[in-house]
Structure formats: structure tokens, C-alpha cells
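Remarks on the overall topology
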Amino acid sequence: MKRVLFVFFNMHSPISYGLGVGYLSAVLKRDGFIVEVLHLNENFIGGNPVQVVLDKIGVFRPDVLCCSAISCQQSVLVPVLKAVKEAFGDKLLVVVGGLLATFDPDSVFNLCHFVIRGEAESILPALLKSSSTSRPWASEIHSGPLVITAQGYTDLSCLPAL
């Protein structure tokens, strides 16, 4: 099964829990994915966020990198995405979501393979299971990233407990 690394961007902000990342992680684990979450906050990481993410990728060796950020985290997210793109190119599938991607997808559009706008609990597992995410992604993604607008849940009881 695919290995998925979530990065929750929480730099220069009060320490908080990424509820969306938590739900997505639980959904993917329920569906058999191997998942780890990297919480980027200066109180936890003790170093350059770009290097911390690259080091974590080197240790965990994910097939997919999922990033979630809000607008005030863009100054940290963009350098991380640029470094990941430079280091791994299309060898590592990069998916970006969260409020920044939902309301300003153009800010990350050229730095990832997929942008998910809205609630991703149903679309992300389907996307990661689909043949369109199998290697080599470069030959299957011709005109840049795909922006996916996910639908919200009407029955929250179908989400796994955190």
C-alpha cells in the first residue's frame, strides 16, 4: 500500500492541531495506507522547515506528500514545495489542500500534482487508489496540476473517530 506523509504547516503560530489532517490521516489509515504526520511548528522541529521536510521524506520514503496550510503559512509552504519539486520532481506525488489551496489554488498551482479544494475525506483515498496516480506521473499529467473540488459530507458519522 502507498506510504503517505502529511505535513501540517503551523509555523509562527500558536500550536494547534490540524483537524483536517487528522481526519484525512484516519481515513487513509482505515483504507490501508501507511501514514505519518509531520507537524511543522518551530516548537517541535528545531530547524529549517525545508530541511526538516526533506529529511523526513528521506527517512519515511513516502509515495505521496500531502500538505495542508492556511494563507499565513504560504511563506513556509512555497519554499518547501519548491525544494521538494527540485529534489524529487515527479518521483514523489505532491497533493496540496487546506484553506490556502481552497481559496487561492493559484498560489500553489505550479508546485504540486494535485490541488484539492474543499473537504477531501472522500476524494483523497479515491485519488490515491486510482491508476492516474501510478508511476510515472509525468507522462500522465500533461498540462500541469489538476484542481479537484471536493464535495462536503452530509453525514459526519461516516468519518472515523480521531
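Attention in this report is confined to the structure presented alongside it. Here the structure is a predicted model, which means the values were calculated and not measured.

**Some details on the overall build of the chain**
- Helices and strands together make up the secondary structure of the chain, namely six helices and six strands.
- Its helices and strands in sequence order give the chain the pattern β-α-β-α-α-β-α-β-α-β-α-β, from N to C terminus.
- Here the chain, with 162 residues, has 46% of them falling under the buried criterion.
- A sequence separation of at least 24 residues applies to 73% of the contacts in the chain between residues at least 6 apart.
- Of the roughly 8,100 Å² that the chain leaves accessible, carbon and sulfur atoms contribute 56%.

**Things to note about the packing of helix α3 (residues 49-60) against helix α4 (residues 74-88)**
- Where α3 meets α4, the axes come as close as 9 Å, and the angle between the chain directions of the two elements is 40°. On the basis of the axis angle, α3 is oblique to α4. Where α3 crosses over α4, the two elements pack in a sense that is right-handed. Of the residues in α4, those touching α3 at Pro-49, Val-50, Val-53, Leu-54 and Ile-57 are Val-76, Pro-79, Val-80, Ala-83, Val-84, Ala-87 and Phe-88.
- For the contact of α3 with α4, the class distribution of residues is 12 nonpolar, no polar and no charged.

**As for the nonpolar core**
- Membership of the largest hydrophobic core comes to 29 residues, with the highest contact counts inside it found for Val-7, Phe-9, Leu-40, Leu-65, Leu-77 and Val-96.
- Elements supplying a minimum of two residues to this core: β1 (3-9), β2 (34-40), α3, β3 (64-68), α4, β4 (93-97) and α5 (99-103).
- In terms of residue count, the dominant contributor to this core is α4 (six residues).
- Among all residues touching Leu-40, those that are not within four sequence positions of it are Val-7, Phe-8, Phe-9, Asn-10, Met-11, Ile-45, Pro-49, Val-52 and Val-53.
- By size, the runner-up hydrophobic cluster in this structure holds 18 residues, among which are Phe-6, Phe-8, Val-64 and Cys-66.

**Things to note about the packing of aromatic side chains**
- Under the defined criterion, the tally for this structure stands at zero aromatic pairs.
- The ring centre of Phe-60 lies 4.3 Å from the NZ or CZ of Arg-3, which sits over that ring.

**Section: the pattern of salt bridges**
- Applying the stated criterion across every chain, the model contains three salt bridges.
- Here Asp-31 and Arg-30 are joined by a salt bridge, their closest N and O atoms 3.1 Å apart.
- Here Arg-30 falls in the partly exposed class, since its relative accessible area comes to 48%.
- A salt bridge links Asp-31 to Lys-129, with the shortest nitrogen-to-oxygen separation between them at 3.7 Å. Placement of the pair is Asp-31 in the loop between α1 (19-30) and β2 and Lys-129 in helix α6 (residues 123-129), with a sequence separation of 98 residues.
- Look at Asp-31 and you get partly exposed, because its relative accessible area is 22%.

What counts and what doesn't
- Residues numbered from 1 in each chain as written.
- Predicted model: local features only at pLDDT ≥ 70, side-chain atom pairs only at ≥ 80, totals over all residues.
- Heavy atoms only, no water.
- Helix = DSSP H or I, 4+ residues; strand = E, 2+ residues; numbered from the N terminus.
- Buried < 20%, exposed > 50% of the residue type's maximum accessible area, 1.4 Å probe, protein only.
- Contact = heavy atoms within 4.5 Å.
- Areas by Shrake-Rupley, 256 points an atom, 1.4 Å probe, with all protein chains shown as cover.
- Axes fitted to C-alpha atoms, helices over the stretch in contact; angles between N-to-C directions.
- Parallel < 35°, antiparallel > 145°, perpendicular 65-115°, else oblique.
- Left-handed = near helix turned anticlockwise from the far one by under 90°.
- Nonpolar A, V, L, I, M, F, W, Y, C, P; charged D, E, K, R; others polar.
- Core = buried A, V, L, I, M, F, W, Y, C linked by side-chain atoms within 4.5 Å.
- Phe/Tyr/Trp six-rings, centres within 6.5 Å; stacked < 30°, edge-to-face > 60°.
- Lys NZ or Arg CZ within 6 Å of the ring centre and 35° of its normal.
- Salt bridge = Lys/Arg side-chain N within 4 Å of Asp/Glu carboxyl O.

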